[in-house]
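In case you want the letters, here they are:
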Amino acid sequence: MTAAACTAGINTPFGPTLADGSVNPDFVNVNTQVRRRTIEAGTRQSAFTSTLFNIVVGARGAITDNISYEVSGTYGESERIQTQTGFARRSRLDDSLQALPNGTCISGNAGCAPINLFGLEGNLGTQDAIDYVFNLTQQVITRTSIATVNGTVVGDLGFGFSETPIQFAVGGEYRSFEATRNSDSASQTPGAVVGAGGAAPDIAGSYDVYDAFGELSIPIFEGESFAESLTLDLGARYSDYSTAGTKFTWKAGGTWEVIPGLTFRGNYQRSSRAPNIGELFAPVSTGLSNLANDPCQGAAPVGNATLAAVCIAQGAPAGVVNAGTILPPAAGQINITTGGNPNLSTEQANTWTIGTAFQPDAIPGLSVTVDYWNIKVTGAVSSPTVGDAIAACFDNANVANPFCSSQFISRNPSTGGLDGDPSNTKGLILQQSNLGTISTDGVDVSVRYNTDITDNIGLAMSFDGTWTNKNLFQASSTALNRECVGFYSVNCNPQSEFAFSQRTSVTIDEDYTISLRWRYLSGVEQEPQDILDNGQAFIGNSPLFGDVDFTQIPAESYFDLSFQWDVNENVLFTLTAQNILDNQPTVVGSNIGSTAFNSGNIYPSSYDAQGRRYGASVKFKF
């Protein structure tokens, strides 16, 4: 477009047609990309209203003197209504951009006023324009239901290898799950709600499962010189899923009480998990994740014919690629396309634990347990991480590499980037599969101590801590076996190596209890592989946050205070004050983690983002 044509287009007092109905030669539609934070419109908010109920009906009784039965049934429903405000509607934004010099919209739609996306901070246009574009609401309603029927027979066989007879439990269970998500038209339409993180298409799915199970507890020795007791525990379960077929799982373990108060225990089990309704039935849709740098951005493909060919094959315009004008992802965000896979099968885990429990007679009220655990999941229901998808292509960038095709990476047909209109830019296509493996191990420590300070004052102290040695995730046999303990990135949500919760409670007259809880998370840092792929995160001075270091999150401690009053056996009154020191989360920027977890420049699902807050409740029992 020439300068003269641009000036004529700006100044024409008509839209596409002139007053006589003929075509306006000065009117031109221009496609361009605008990157702007609309802070003048206020905050974008989501409000959640949840309602649930659950009904339990059961009966139990004796079959013989040493065998009993129990049957039960449950039914529950939940509903969560999400209401969004403060988001721009794309249709109204487009409408308000089609403006005439006299300050009216070409469409003539009621309420439309020209918006000013090119204004400096504080100048987005008139309040009428802001209200027109941003004042609509969106709603998403999610409903779930679960129904179960369970029957068990428990007892002992009347004989065994020691004085205590062999104990058993056998039974069956039926479980039925249903879930739906219903969204309004705008929430379902890709790109219709600007900045909402992708469409929320309707979901409807259900499955059920039949289980048969049995367990044995076999005392081997009791009261022997080498064993106060030795017990073998066995269990098995057969499951028939309507979606994933049949699965047989089992466990074997034992406990050895060497002397009174000192017990060693171990367990090995083969377990499984069937894919849930979302993993099976969620429609394929395009949402958001984070990525600091696009391998095709800027001058990277200029003069590199191989890389340029890959970028073009993924849908980027050749002119944009060769000119080196692909921009970094806007606000560090890219499009990702995900969805359910009805062909998923169950994932399988091999788990073993070994540990000890200690209750010394010399310190009444003290108990200590230490357990090592080791879990390996194969056939894990998962999808590649952002780093996996980028590495699969660009570690061997070549059009012959199938992971470089538009089947796996689809670019913006206008800008060549991985961000933009979700209706034509799929970005990274991350399909659910059973190709993943997870391997993790660590140690759990639990300490309990209870004592009486006076006749009417009691003291209770507890400690529960976990040390995680490793947590490896491999999306497929060709992907990086990624370690996430102690790290965070677009590939790893923050996982502290050590975390614990310690509670100290004082009870007065058995009716009043004051408790102080200490929650601790050890520090984490930027994933080393992410530094190699995207460079080190920002360290320096931020206009908003001052001096920052986005490469690390120090250890965090939170303290919570509560007071409980047992008014009577049917009424319990509770006051709580959480995060009483008002510890604020560490700022790490907006593109260091996946969008689902790295929100508002922090990790709100891992660290307390609400600060000091108070609560009160009354619980009634009838």
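One structure accompanies this document, and this report is about it.

Thresholds applied
Residues numbered from 1 in each chain as written. Predicted model: local features only at pLDDT ≥ 70, side-chain atom pairs only at ≥ 80, totals over all residues. Heavy atoms only, no water. Helix = DSSP H or I, 4+ residues; strand = E, 2+ residues; numbered from the N terminus. Buried < 20%, exposed > 50% of the residue type's maximum accessible area, 1.4 Å probe, protein only. Areas by Shrake-Rupley, 256 points an atom, 1.4 Å probe, with all protein chains shown as cover. Pairing = 2+ DSSP bridges. Phe/Tyr/Trp six-rings, centres within 6.5 Å; stacked < 30°, edge-to-face > 60°. Lys NZ or Arg CZ within 6 Å of the ring centre and 35° of its normal. Contact = heavy atoms within 4.5 Å. Salt bridge = Lys/Arg side-chain N within 4 Å of Asp/Glu carboxyl O.

Concerning the overall build of the chain
Within the chain, the secondary structure is distributed over 9 helices and 29 strands. Its C-alpha atoms give the chain principal-axis dimensions of roughly 105 × 60 × 50 Å. Across the 622 residues of the chain, 35% fall into the buried class. As presented, the chain carries roughly 32,600 Å² of accessible surface, and 56% of it is formed by carbon and sulfur atoms.

Examining the sheet that holds strand 11 (residues 285–290)
Read across the open sheet, the 4 strands follow the order 11-12-16-15; overall the sheet is mixed. The sheet is open, and its two borders are formed by strand 11 and strand 15 (409–410), each paired with just one other strand. Where strand 15 and strand 16 (residues 427–429) come together, 2 bridges link them in antiparallel fashion. Among the inter-strand pairings, I409 is bridged to a residue of strand 16, identified as L428.

So, the packing of aromatic side chains
This model, assessed by the stated rule, comprises 19 aromatic pairs. Seen from their ring centres, F403 and F408 are 5.1 Å apart, and the 55 degrees between their planes marks the pair as tilted. The class of F408 is partly exposed, set by a relative accessible area of 28%. Here the aromatic rings of W518 and F559 are separated by 5.7 Å at their centres, their planes lie at 20 degrees, and the arrangement is stacked. Residue W518 is found in strand 22 (residues 512–521), and its partner F559 is found in strand 27 (residues 556–568); the two are separated by 41 residues along the sequence. Chaining the aromatic ring pairs together yields one cluster made of F463, F498, F500, W518, Y520 and F559. The ring of Y132 is capped by R92, whose NZ or CZ atom sits 4.6 Å from the centre of that ring.

Some points on the side chain of T351
Counting through the fold element by element, T351 comes out in strand 13 (residues 347–358). T351 has contacts with N267, Y268, Q269, N374 and I375, leaving out every residue within four places of it along the chain.

Considerations on the pattern of salt bridges
Within this structure, the stated rule accounts for 22 salt bridges. Between R36 and E40 there is a salt bridge, and its shortest N-O distance comes to 3.1 Å. The class for R36 is partly exposed, based on a relative accessible area of 23%. Note on E40: relative accessible area 21%, which makes it partly exposed. In this structure, D294 engages R411 in a salt bridge whose closest nitrogen and oxygen atoms are separated by 2.7 Å. Of this pair, D294 sits in the loop between strand 11 and helix 6 (305–313) while R411 sits in the loop between strand 15 and strand 16, placing them 117 residues apart in sequence.

A look at the sheet that holds strand 20 (residues 487–488)
Taken together, 3 strands build an open sheet; the order of strands is 20-23-26 and the sheet is mixed. Bordering the open sheet on either side are strand 20 and strand 26 (552–553), each of which pairs with just one other strand. As defined by bridge partners, strand 20 adjoins strand 23 (residues 524–526) across 2 bridges and the pair is classed as parallel. In the sheet register, F487 faces strand 23, and the bridge partner there is E525.

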